[in-house]
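# Summary of structural features
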Amino acid sequence: MAITVEKLVIYPIKSCTGIEKQEAVTGPRGFLHDRLWMFVDEKGAMTTQRKVPKLGRVVPVLDLGPAGGAGTVLTLTCPELKGKLQSVKVKLIVPGAEGQRVAVKVWGDAVEALAVENDADTRHFVREATGRADLRLVQFPLDGSRIIGEKYFRGLEGALQGVNQAGFSDKFPYLLLSSASMAEINNRAQSDPGYQPGKHELSSSRFRPNIIVKAADLAPHAEDSWLEVRIGPSATFHCVHPCERCVLTTVDPKTHAFDKVSDPHHTLRLLKEYRDFGGGPMFGQNCVCHTLGVRVRVGDAVAVVAQKSKEHMQEITLPNGGGKLRGSSSARRWKCALWSLAAAGTALLAVLARRGRA
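Summary of the structure given here. (Residues numbered from 1 in each chain as written. Predicted model: local features only at pLDDT ≥ 70, side-chain atom pairs only at ≥ 80, totals over all residues. Heavy atoms only, no water.)

### Observations concerning the overall build of the protein
On a plain count of helices and strands, the protein comes out with 5 helices and 17 strands. Taking all 358 residues of the protein together, 51% fall into the buried category. Pairs at least 24 apart in sequence give 72% of the contacts found in the protein among residues at least 6 apart. Carbon and sulfur atoms make up 52% of the accessible area of the protein, which amounts to about 16400 Å² in all. (Helix = DSSP H or I, 4+ residues; strand = E, 2+ residues; numbered from the N terminus. Buried < 20%, exposed > 50% of the residue type's maximum accessible area, 1.4 Å probe, protein only. Contact = heavy atoms within 4.5 Å. Areas by Shrake-Rupley, 256 points an atom, 1.4 Å probe, with all protein chains shown as cover.)

Structural data, given as structure tokens:
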């Protein structure tokens, strides 16, 4: 079975639109420039599409300087802002350059970040694109560090020494997904009587993978069992932990609004029906990379070097030759309904806040 890289994606700004690449360079906190920037609120807390789905309207464009360092410029664009300020430019802050250090939060982790210049044009762009006036951009220091918790490396601590880092990503620097897994969830959506072609297809962008792999005869979710993979001649990745999915996957990348739980393509409802093995709905593999500064390319061969042991599979609550879903179908639908209701409430509060400022 010949497995190859089908797609590579980086997300320069956390929770904003990704950029497809023909090649990407590995680093300790993800591919070069992946989630190097992040929006935070006035308290320094990370802001994502979970609360501000319109962040998906922000499309980053990278103009790389020498070796991707000094001189690199990030342009924030929003094609939907017709007739208004459609873009602003942000310069990469490199080690040794002046930059205000600020304290921010990524989930429960306290992280030191660099404050990006927040001039009038930038504030105007962010307000118009996202609907939020309190957001500002920060950059992860190129010499910074954020350690991934040891609880995610059960039995692998020694093998992962020195690569247990993340930047502004939720927990892990890389996410791997197979096209076979995407085909499976789309097949399940299509089985719904209300499914409409052209309206209810699920794109991989909902799941924000960095690496999508393909093979003609690859089984759906085959990546669950992979422990170590080699991409191209020398890029080595460990598939450490399954990725538990949340309400962000229910944001439609075309409309930047939350799906209804009754929609045929509601991701959480679909995943809860066949991918919840007691630890939440799982889809894709969180990874770390051992070989830094290596170029990975679309079309590269992917070799499965090692498989997870039966004990490892059980520890991370993944199926081993089959799994039993927890809870009744109605209970799972109620949970999904509550998630969607909470998301809708957040969106409504944002609308009311904007009206109050008007």
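### Focus: unusual backbone geometry
Non-glycine residue Ser15 carries a positive phi angle of around 70°. Tracing the backbone shows Ser15 in the loop between strand 1 (3-10) and strand 2 (19-21). Classification of Ser15 as buried rests on a relative accessible area of 4%.

### Some details on the nonpolar core
Trp37, Leu76 and Phe237 are the most contacted members of the largest nonpolar core, which totals 58 residues. If you look at the next biggest cluster of nonpolar residues, it comprises 11 residues, including Leu177, Met182, Leu202 and Phe283. (Core = buried A, V, L, I, M, F, W, Y, C linked by side-chain atoms within 4.5 Å.)

### Observations concerning the packing of helix 2 (residues 179-190) against helix 3 (residues 267-274)
With their axes 10 Å apart at the nearest point, helix 2 and helix 3 run at an angle of 105° to one another. The angle between helix 2 and helix 3 falls in the class roughly perpendicular. Contacts from Ser181, Glu184, Ile185, Arg188 and Ala189 of helix 2 reach helix 3 at Leu270, Leu271 and Tyr274. Within the contact of helix 2 with helix 3, the residues separate by chemical class into 5 nonpolar, 1 polar and 2 charged. (Axes fitted to C-alpha atoms, helices over the stretch in contact; angles between N-to-C directions. Parallel < 35°, antiparallel > 145°, perpendicular 65-115°, else oblique. Nonpolar A, V, L, I, M, F, W, Y, C, P; charged D, E, K, R; others polar.)

### A few points about empty space enclosed by the protein
Overall, the coordinates contain 1 cavity of 30 Å³ or more when judged by the stated rule. Lining the largest cavity, in full, are Asp109, Arg146, Ile147, Ile148, Gly149, Ala166, Asp170 and Lys171. (1 Å grid on protein atoms, 1.4 Å probe; cavity = no way out; pocket = protein on both sides within 12 Å on 5 of 7 lines; lining within 4 Å. Points joined across faces, edges and corners; volume = space filled by probe spheres on them.)

### Looking at the environment of Val247
On the secondary structure map, Val247 appears in the loop between strand 14 (235-244) and helix 3. Sequence separation between Val247 and Arg50 is 197 residues; the distance between their C-alpha atoms is 6.3 Å.

### Things to note about helix 1 (residues 120-130)
Taken together, the buried positions of helix 1 are Thr122, Phe125, Val126, Ala129 and Thr130. Buried residues of helix 1, seen end-on, are gathered within an arc of 95° and therefore sit on one face of the element. As for helix 1, its buried residues are in contact with strand 4 (37-40), strand 6 (73-77) and strand 7 (87-91). Positive backbone phi, approximately 80°, marks Gly131, located one or two places after helix 1. (Arc of directions from axis to C-beta.)

### Structural notes on the pattern of salt bridges
Evaluated as defined, the whole model comprises 17 salt bridges. For Asp259, the salt bridge is made with Arg206, and the minimal N-O distance between the two is 2.7 Å. One end of the pair, Asp259, is in the loop between strand 14 and helix 3; the other, Arg206, is in the loop between helix 2 and strand 12 (211-214), and 53 residues separate them in sequence. With a relative accessible area of 7%, Asp259 lands in the buried category. Given the relative accessible area of 3%, Arg206 is considered buried. Members of the salt-bridge network, linked through shared partners, are Lys14, Arg50 and Asp170. (Salt bridge = Lys/Arg side-chain N within 4 Å of Asp/Glu carboxyl O.)

### Section: the pairing of strand 12
A regular strand places its side chains on the two faces of the sheet in alternate fashion. Here 4 bridges tie strand 1 to strand 12, and the two strands are oriented antiparallel to one another. From the neighbouring strand, Thr4 faces strand 12, where its bridge partner is Lys214. On the question of chirality, the crossover connecting strand 11 (residues 174-178) to the parallel strand 12 by way of helix 2 is right-handed. (Pairing = 2+ DSSP bridges. Right-handed = clockwise from strand over helix to strand, strands pointing away.)

### Details of the packing of aromatic side chains
By the definition in use, this model includes 4 aromatic pairs. Considering the side-chain rings of Phe31 and Tyr174, the 5.0 Å spacing of their centres and the 85° angle between planes classify their relative orientation as edge-to-face. With Phe31 in the loop between strand 3 (23-25) and strand 4 and Tyr174 in strand 11, this pair connects stretches of sequence that are 143 residues apart. One exposure class covers both Phe31 and Tyr174, and it is buried. Seen in terms of ring centroids, Phe207 and Phe283 are 4.4 Å apart; in terms of plane orientation they differ by 40°. Their pairing is tilted. Within this pair, whereas Phe207 is found in the loop between helix 2 and strand 12, its partner Phe283 is found in strand 15 (residues 282-289), the two being separated by 76 residues in sequence. One exposure class covers both Phe207 and Phe283, and it is buried. (Phe/Tyr/Trp six-rings, centres within 6.5 Å; stacked < 30°, edge-to-face > 60°.)

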